[in-house]
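# Notes for the structure review
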Amino acid sequence: MNRVIRPLRDFLHRESASGVLILIASFLGLLIANSPLSDSYFDTLAFDFEISLGAIYLNLTILKSINYVLMTIFFFVVGLEIKRELTSGHLSTFKKAIMPFVAAIGGMALPAGIYLAIAGRVDANGWGVPVATDIALAVGLLALVGSSAVASLRSFLLALAVIDDIGAILIIALIYSTGVNFSWIAAGAIAIATIHTFKKLGATSTFVYVLLGVALWYCMYKSGVHPTLAGVVLGLMTPNIIKLNTKLKDGEDGQLSVIEWLEERIHPWSSFAIIPLFAFANTGVIITNQSITDAINSPIAWGIFAGLVLGKPIGVLAAVILARKIRLGQYPQDAKSIDLLATGSAAGIGFTVAIFIANLAFSDPAIQDLAVISVIIASIVSALISLLLFKVVAKKKS
C-alpha cells in the first residue's frame, strides 16, 4: 500500500518542529557550558581521533565531526531544497523568483554594510555572519503567528530564505575557504564529472552515488574548501525526475520526484537530529560578567546584532518597495509594509547558518564565542520584534 506524502507541507512542518528542538538544544548547550559539567562538555567536543585507510587520512575532533561531516548532510538537504525550488517550486520562473531574490539581496547587503560600518576597522572578516537566515526558526515563527501573517508571506519567506542559503553557500565557498590546494580541487572536479557521467548513463545505485559523494567530500576536505559544500553540490546535481519503484505517493500532484523522495528520507534526520546536535555543540559559550562586558563593548558584537536586528527587516522592506516602484516581480498578495517588516524580522533569525559562518570568519575562540552570543541575542530580539509586529497586524485586522 502506498503512503501518501505532501512534500512542501511536510517540509514546512518539519522545519517548524525542528525550530523548537533547536531552541531546546541551544538552551542545553548554554546551560551545560555554564554548569559543573562544563569541563566534560568541552573535553568531549575537543576529543580527537584519526581515521587512516590506505591513502585516506583524517584527523578530526567530535566537534569537527559534527560541523564537517554531519553538517554535510544538512547542506545536502539545503541543496535538494534549492534544486526543488529552482526547478518546480517558488523560484521556478522569473516572475516567481524575482521579488524574493531582490528582497534577499537587500536583506543580505544591508546587514553586511551595517556590520562593516560598525566593525569593519576591527575585523572586516565578520561581515558574512549577519547575512544568514535560519529557515527552521523563521518558518516556525510564521507557523506560530498563524493567520496574523497573510498566506502569501509563507511562500515569500521560504523563497527568500532559500536564496539566503544560496548566498551563504557562496560566501562560505568564496570567502571563508582558505589555503586552497588546486590539485585536490582538480580531483574534486573529476569526482563531480564522474557523478555527472553516471547520472547521464542512467545509473540508479544509491551505493555508487554515496561512494562518489564521500570521495567528493574528501577532496574538498583536503583542498581547503569547506567540505560541507560537497553536500550542496550533490543536492544541486540530484535530478528532479520521477522516482520509480517506491511505496511513497505525492499527495499534491500524484508524482513523486527523486528530490522529494530523498527529502522524505533524509530531511527528518537533518531537522530532528543533526541541526539540534549542531546547536547543542556550538552554542555552549561560557557566560561571565567579563564576557558580557566584552560583548557590550565590542564593535563586532554590535555589528552582528545591528546587522540582523535592523539590517534584515529594513533591507528586505526597502528592496521590495524599490522593486514594486519599478514594477519588477510580483508583490506578496495582500501584504502591507508592516507585514514585510515583520517578515524581514523573522529573516533576521540567523542562528544555525550565522553561527556556522561565525566559526569560519573568526579564528580567535574568544571572538567566536562573542559572535555566537551576539547571534543568539540578535535572533531572539528579531523573533520578538517579528511577533510584536504581527500582533499589531492582527489587531488592525480585527
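Refer to the preceding data block for the structure.
Residues numbered from 1 in each chain as written. Predicted model: local features only at pLDDT ≥ 70, side-chain atom pairs only at ≥ 80, totals over all residues. Heavy atoms only, no water.

## Examining the pattern of salt bridges
In the structure shown here, the tally under the stated rule is 5 salt bridges. For Arg84, the salt bridge goes to Glu81, with nearest N and O atoms at 3.1 Å. In this pair, Arg84 and Glu81 are both assigned in helix α3 (residues 62–88), 3 residues apart and thus about one turn of the helix distant. Glu81 gets classed as buried once you look at its relative accessible area, which sits at 2%. We classify Arg84 as buried; its relative accessible area is 6%. Each member of the salt-bridge network shares a partner with another, and the members are Glu81, Arg84, Glu85 and Glu263. (Salt bridge = Lys/Arg side-chain N within 4 Å of Asp/Glu carboxyl O. Helix = DSSP H or I, 4+ residues; strand = E, 2+ residues; numbered from the N terminus. Buried < 20%, exposed > 50% of the residue type's maximum accessible area, 1.4 Å probe, protein only.)

## A few points about the side chain of Ser26
In this fold, Ser26 is placed in helix α1 (residues 7–33). You can call Ser26 buried: its relative accessible area is 5%. Ignoring anything within four residues of it in the chain, the contact list for Ser26 reads Ala279, Thr283 and Phe351. (Contact = heavy atoms within 4.5 Å.)

## Focus on helix α2 (residues 38–46)
The complete set of buried residues in α2 reads Ser38, Tyr41 and Leu45. Taken end-on, α2 shows its buried residues confined to a sector of 70 degrees, consistent with a single buried face. Facing away from the buried surface of α2 by more than 90 degrees, the exposed residues are Asp39 and Asp43. (Arc of directions from axis to C-beta.)

Geometry only, nothing functional implied.
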